[in-house]
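# Architecture at a glance
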Amino acid sequence: MSTFPVQTPQRTYCATVERGILERASAHLPAGTGKVFVVSTEDVWRHQGARLRRGLESFRHELLFLPGGEDQKRLAPLEILAGEMVRRGGDRSSLVIAFGGGVVNDMGGFLASIFMRGVPVIQAPTTLLAQVDAAIGGKTGVNLVEGKNLVGTFHQPLAVLIDPAALDTLPEREYRAGLFEVIKTGVIRSQPLFRMLADQSEQVLARAPEAVDYLIGESVRIKAEVVSADEREGGLRRILNFGHTIGHALEAETGYRRFLHGEAVAFGMRAAVYLAESTGYLSAEDSVDILEVIERYGPVPPLEGIAAEALLRRLTSDKKTVQGRIHFVLPVRIGEVTVVSGLDERLVLAAIWSALG
Ligand SMILES: NC(=O)c1ccc[n+]([C@@H]2O[C@H](COP(=O)([O-])OP(=O)(O)OC[C@H]3O[C@@H](n4cnc5c(N)ncnc54)[C@H](O)[C@@H]3O)[C@@H](O)[C@H]2O)c1
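Remember, predicted model here, so these are calculated numbers, not experimental data.

The next point concerns the site of the ligand. Near the ligand you find 25 residues, and of these D43, E70, G102, T127 and T169 are the closest. In this structure, an oxygen atom belonging to the ligand sits 2.5 Å away from a side-chain N or O atom of D43. Within the contact set of the ligand, a nitrogen atom lies 2.8 Å away from a side-chain nitrogen or oxygen of T126. Protein chains bury 87% of the 880 Å² of accessible surface belonging to the ligand in isolation. Broken down by secondary-structure element, the contributors of at least two residues to the shell around the ligand are α1 (42-55), α3 (102-114), α4 (128-134) and β8 (147-151). With four residues, α1 is the largest single contributor of residues to the shell around the ligand. Class assignment for the residues of the shell around the ligand results in seven nonpolar, nine polar and nine charged. Taken domain by domain, the shell around the ligand gets at least three of its residues from each of domain 1 (2-169) and domain 2 (172-356).

Domain assignment breaks the protein chain into domain 1 (2-169) and domain 2 (172-356). Computed over C-alpha atoms, the centres of domain 1 and domain 2 are 26 Å apart. Each side of the interface is counted separately: domain 1 has 30 residues, and domain 2 has 33 residues. Roughly 2700 Å² of surface becomes buried between domain 1 and domain 2 when both sides are summed, with 64% attributable to carbon and sulfur atoms. Its largest share of buried area at the contact with domain 2, domain 1 owes to L128, V132 and K148, together 22% of the area lost on that side. There are six salt bridges connecting domain 1 and domain 2. Measuring nitrogen to oxygen at the nearest pair gives 3.5 Å for the salt bridge that ties D133 to K184. The interface formed by domain 1 and domain 2 holds ten residue pairs in polar contact (both at pLDDT 80 or more) in total. If you list the elements that add at least two residues to the side of domain 1 that touches domain 2, you get β1 (2-7), β2 (12-17), α4 and β8.

Okay, the side chain of E218 next. The topology assignment puts E218 in helix α8 (residues 209-229). Excluding residues that lie within four positions of it along the chain, E218 makes contacts with S190 and L193.

The next subject is the packing of helix α6 (residues 191-199) against helix α11 (residues 284-296). Two elements in contact, α6 and α11, have axes separated by 10 Å at closest approach and are oriented at 55°. In terms of their interaxial angle, α6 and α11 are classed as oblique. Crossing hand, α6 versus α11: left-handed. Of α11, the residues touching α6 (which contributes F194, R195, L197 and A198) are D289, I290, V293 and R296. The residue makeup of the contact of α6 with α11, split by class, is five nonpolar, no polar and three charged.

Scoring rules and cut-offs
All residue numbers refer to positions counted from 1 along the written sequence of the respective chain. Per-residue local features are limited, in this predicted model, to residues with pLDDT of at least 70; the limit for side-chain atom pairs, both in listing and counting, is 80 or more; totals at the level of whole chains, interfaces and linings are taken over all residues. Water and hydrogen atoms play no part in the side-chain values, which are based on all heavy atoms of the structure. Think of it this way: one heavy atom of a residue within 4 Å of a molecule or strand is enough to make that residue near it. The definition of a polar contact used here is a pair of N or O atoms within 3.5 Å, where within protein one atom must be able to donate a hydrogen and the other to accept one, and adjacent residues in sequence count solely through side-chain atom pairs. Using the Shrake-Rupley algorithm and a 1.4 Å probe, accessible areas are obtained, with residue cover drawn only from the displayed protein chains. Note on conventions: DSSP H or I runs of at least 4 residues are helices, E runs of at least 2 residues are strands, and numbering of each starts at the N terminus. Gly is put with the polar residues, along with every residue not named as nonpolar or charged; the nonpolar set is Ala, Val, Leu, Ile, Met, Phe, Trp, Tyr, Cys and Pro, and the charged set is Asp, Glu, Lys and Arg. Each domain's extent is set by a domain assignment, obtained either automatically or from a database. Whether two residues are in contact is decided by their heavy atoms, any of which lying within 4.5 Å being enough. Two parts lose some accessible area (1.4 Å probe) when they are put together, and adding that loss for both gives the buried area. For this analysis, a salt bridge means a side-chain nitrogen from Lys or Arg found within 4 Å of a carboxyl oxygen belonging to Asp or Glu. Axis angles are defined between N-to-C directions and span 0 to 180 degrees, where every axis is a line fitted to C-alpha atoms and, for a helix, only to the segment in contact. For this classification, under 35 degrees means roughly parallel, over 145 means roughly antiparallel, 65 to 115 means roughly perpendicular, and everything else is oblique. By convention the crossing between two helices is left-handed if the near helix lies anticlockwise of the far one by an angle smaller than a right angle, and right-handed if it lies clockwise.

If you want it as structure tokens, here you go:
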């Protein structure tokens with residue numbers, strides 16, 4: 001078992017990585033908790049529900065399903081669930097357990113933050129991406145037609161329960177998409193993690209428990225550290241956006257359907273590496289190393305039909321673009337990044353072209 005404290009002005013809590021923790025979930029419910037609402041999807045519940053059901057056996061709980069899928073990450077399903085919570089006896093002493101991938105973690109956390117002006121949430125992530133990233137740090141939200149995650153809150157959970165055994169049923173493509181976020185973590189802040197991904201790809205891809213537990217633990221340690229230093233993304237937390245600036249543009253341009261989030265991040269990392277090397281921030285050697293590791297955990301689905309100019313236009317309308325200045329997180333060496341803005345648009349366009357292959 002590994003436990004990582006997350007210390008934010010809003011709350012201090014632990015992200016715990018432990019095989020079998022879901023089956024001991026009730027140990028993490030505070031005394032005096034009223035009705036527990038498990039928010040999940042039918043898909044996640046079919047694959048992994050038995051574990052959490054065993055963990056909550058002694059606790060009265062209600063099960064609520066979201067539709068699931070990035071295109072259903074919208075406000076409307078939350079209104080339906082909130083109404084259901086009221087009808088099933090929810091009140092201010094209620095607690096939400098968000099049990100699923102990043103979509104469920106973001107939506108369940110958001111629902112908890114607005115239900116009766118806020119009830120606690122426990123995050124129980126079941127995809128690799130959610131275990132290493134989405135479930136930690138308190139960012140919640142939903143998409144608007146106008147863009148991704150444009151409505152949301154900061155609502156830190158009471159606890160994050162990470163059970164690597166829950167990944168056993170995760171489809172291969174989802175697992176690889178999560179690995180791209182792990183590569184991101186290595187590049188921004190952990191050379192040992194990056195080296196492990198480079199040297200032990202067979203074990204990682206075969207989901208050998210020792211390899212999986214290490215990469216989750218190291219990623220969670222870093223996410224917890226970064227969020228503790230900067231809850232609201234005023235400074236250090238921005239480094240987590242490595243690969244995300246251009247990745248978000250790709251997701252938006254393709255209607256959030258063609259690429260998984262992690263795959264879009266892989267694309268964005270390729271472009272950022274090109275930018276870093278061509279501006280002299282990153283050595284050619286490190287650039288090749290990063291691109292090779294991304295390749296090893298690929299493939300990223302084919303990119304034909306996507307216009308570089310369209311992605312550039314999307315960049316300027318991203319919510320992280322402040323007053324027209326696009327910020328890029330660029331690696332300076334493996335394990336360290338810097339935030340850069342004001343890059344020449346022609347250079348950005350060339351980076352996108354290069355990532356489009
Ligand atoms: N809040 C944050 O800080 C943060 C950070 C990164 C990403 N995110 C968000 O996370 C979302 C993406 O999350 P995701 O990649 O987990 O996608 P997801 O939640 O859509 O889950 C992917 C798929 O895996 C299935 N699934 C989940 N767990 C499973 C399991 N154990 N076995 C079998 N199938 C399982 C789901 O039903 C779904 O079909 C995006 O909306 C993104 O914005 C949020």
